[in-house]
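Reading the structure
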Amino acid sequence: MFSDVGGLELLTLVIMAIIIFGPDKLPKLIQDTMGFIKKIRSFADNAKEDIRSELGPEFQDFEFEDLNPKTFVRKQLMGGQEDPLGLKEMKDSLDIRSVLDDKPAAPVNGRSGSVSFEKSDSAPASTGAPLAPGERPPFDPDAT
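The rules behind these values
- Residues numbered from 1 in each chain as written.
- Predicted model: local features only at pLDDT ≥ 70, side-chain atom pairs only at ≥ 80, totals over all residues.
- Heavy atoms only, no water.
- Helix = DSSP H or I, 4+ residues; strand = E, 2+ residues; numbered from the N terminus.
- Buried < 20%, exposed > 50% of the residue type's maximum accessible area, 1.4 Å probe, protein only.
- Areas by Shrake-Rupley, 256 points an atom, 1.4 Å probe, with all protein chains shown as cover.
- Expected span 1.5 Å × (residues − 1).
- Bend = angle between axes of the 7 residues up to and from the residue.
- Salt bridge = Lys/Arg side-chain N within 4 Å of Asp/Glu carboxyl O.
- Patch = residues over 30% accessible without salt bridge, like charges linked within 9 Å, V, L, I, M, F, W, Y side chains within 5 Å.
- Contact = heavy atoms within 4.5 Å.

Overview of the overall build of the protein
Within the protein one finds four helices and zero strands. Ordered by position from N to C terminus, the α and β elements of the protein give α-α-α-α. Buried positions account for 4% of the 144 residues belonging to the protein. Accessible surface for the protein amounts to roughly 14000 Å². Of this, 61% is attributable to carbon and sulfur atoms.

Regarding helix H1 (residues 7–55)
One full turn of an α-helix is made of 3.6 residues, so residues set three or four places apart face in the same direction. Between its first and last C-alpha atoms H1 spans 45 Å; for 49 residues at 1.5 Å apiece the expected length is 72 Å, and the helix comes up short by more than 12%. Of all the bends in H1, the largest measures some 100° and sits at Gly22, one to four residues before the proline Pro23. All of the buried residues along H1 are Gly22, Leu26 and Arg52. In the stretch just after H1, Gly56 is the one whose phi turns positive, near 110°.

Some words on the pattern of salt bridges
Evaluation of the coordinates by the stated rule reveals two salt bridges. Its salt-bridge partner being Lys28, residue Asp32 comes within 3.2 Å of it at the nearest N-O pair. Taken together, the residues Asp32 and Lys28, both in helix H1 and four residues apart, mark about one turn of the helix. One salt bridge in this structure joins Arg52 and Glu49, with 3.2 Å as the shortest N-O distance. Placement of both Arg52 and Glu49 in helix H1 is noted, with a separation of three residues, approximately one turn of the helix. By relative accessible area, which is 48% here, Glu49 ends up partly exposed.

Focus on a nonpolar patch on the surface
A surface patch of nonpolar side chains, amounting to about 810 Å² of accessible area, comprises Leu8, Leu11, Ile15, Met16, Ile19, Ile20, Phe21 and Leu29. Summarising the element assignment, Met16 is placed in helix H1. Residue classification places Met16 among the partly exposed residues on the basis of a relative accessible area of 43%.

Quick word on the side chain of Arg52
For Arg52, a relative accessible area of 12% corresponds to the buried category. The residues touching Arg52, leaving out its near neighbours within four places in the chain, are Phe59, Gln60, Phe62, Glu63 and Phe64.

Here you go:
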């Protein structure tokens with residue numbers, strides 16, 4: 001709750017509380033504050049139990065923390081043992097470690113091999129017949 005409050009700041013708050021409320025009223029103020037916090041916690045717990053009982057037996061394992069969108073997505077997509085969307089397969093296919101470790105990549109669309117940026121004489125044409133020697137490929141200004 002107060003993870004970003006340092007020791008010096010906490011000491012300053014205690015000294016200010018002693019100066020403002022006085023050493024005789026401070027214990028009573030702390031006791032009243034703690035009682036108020038306990039009442040708020042019990043009220044919240046009772047409200048949660050009432051909601052769970054009203055939802056029925058199929059929601060007995062419902063947690064209110066799951067309403068946080070980040071937690072909900074993590075639980076729905078990554079938390080279960082089953083993988084209905086195939087996310088594990090997609091994650092494994094997009095694994096960059098295989099590229100960085102110079103491992104052979106998995107075949108894509110039934111083809112295997114590596115990508116080469118060297119100029120090849122026997123590159124197949126994507127549309128129609130192969131080009132004759134010395135023939136220029138068709139140019140499409142809208143494609144560039």
